[in-house]
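Here is what each chain is made of, one letter per residue.
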Amino acid sequence: MATPSSPPARPVRSRTSGPWAKLSTVALWMPFPALLWVGGYAGAEPRLFGLPFFYWYQFLWIFLSSGLTWCAYLHTTSRPVRTGAHRPADRGEGIR
């Protein structure tokens, strides 16, 4: 009896090179110019919940920086990215 042939293996590329690395680098560097240019946000108006702009702008960047760092981490982990290949479970194989 003939066994069904599996599709040819697709190439596997790493997320630590190519456009993912560039995207992660940009995400990690975004907070620096936004926070180093103090003259751009050194003011009291507009206020948010009674806080001057100077304070809530910096506090907002704490959350933005955390999110950008998390995204960069996800994009640069060493998990391989399969280009078009499906896992065996996606085709119904390997399920018992």
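Conventions used here
Residues numbered from 1 in each chain as written. Predicted model: local features only at pLDDT ≥ 70, side-chain atom pairs only at ≥ 80, totals over all residues. Heavy atoms only, no water. Helix = DSSP H or I, 4+ residues; strand = E, 2+ residues; numbered from the N terminus. Buried < 20%, exposed > 50% of the residue type's maximum accessible area, 1.4 Å probe, protein only. Contact = heavy atoms within 4.5 Å. Areas by Shrake-Rupley, 256 points an atom, 1.4 Å probe, with all protein chains shown as cover. Expected span 1.5 Å × (residues − 1). Core = buried A, V, L, I, M, F, W, Y, C linked by side-chain atoms within 4.5 Å.

(A) Quick look at the overall build of the protein. Tallying secondary structure elements over the protein gives three helices and two strands in all. The buried share among the 96 residues of the protein stands at 16%. Counting only contacts in the protein whose residues sit at least 6 apart along the sequence, the fraction spanning at least 24 positions is 56%. Total accessible area computed for the protein in this model is approximately 7800 Å², and 68% of it derives from carbon and sulfur atoms.

(B) Spotlight on helix α3 (residues 53–76). Under the 1.5 Å per step criterion, the end-to-end length of α3 is 34 Å for 24 residues, consistent within 8% with the ideal 34 Å. Along α3, the residues that are buried comprise Phe53, Tyr57, Trp61, Ser65, Leu68 and Ala72.

(C) Summary view of the environment of Ala72. Relative to the helices and strands, Ala72 is located in helix α3. Put simply, Ala72 and Leu28 are 44 residues apart on the chain and 7.0 Å apart in space, counted from C-alpha to C-alpha. Once residues within four sequence positions are removed from consideration, Ala72 is found in contact with Ser24 and Leu28.

(D) Highlighting the nonpolar core. The biggest cluster of nonpolar side chains holds seven residues, and these are Ala27, Ala34, Tyr41, Phe53, Tyr57, Trp61 and Leu68. In this structure Tyr57 touches Ala34, Leu35 and Tyr41, once residues within four positions along its chain are discounted.

(E) Structural context of unusual backbone geometry. That bond from Glu45 to Pro46 is cis: its omega, 0 degrees, falls within 30 degrees of zero. Position of Pro46 among the secondary structure elements: in the loop between α2 (31–36) and α3. Of note in the backbone geometry, Phe49 takes a positive phi value of approximately 55 degrees without being a glycine. Mapped onto the secondary structure, Phe49 falls in the loop between α2 and α3. By relative accessible area, which is 81% here, Phe49 ends up exposed.

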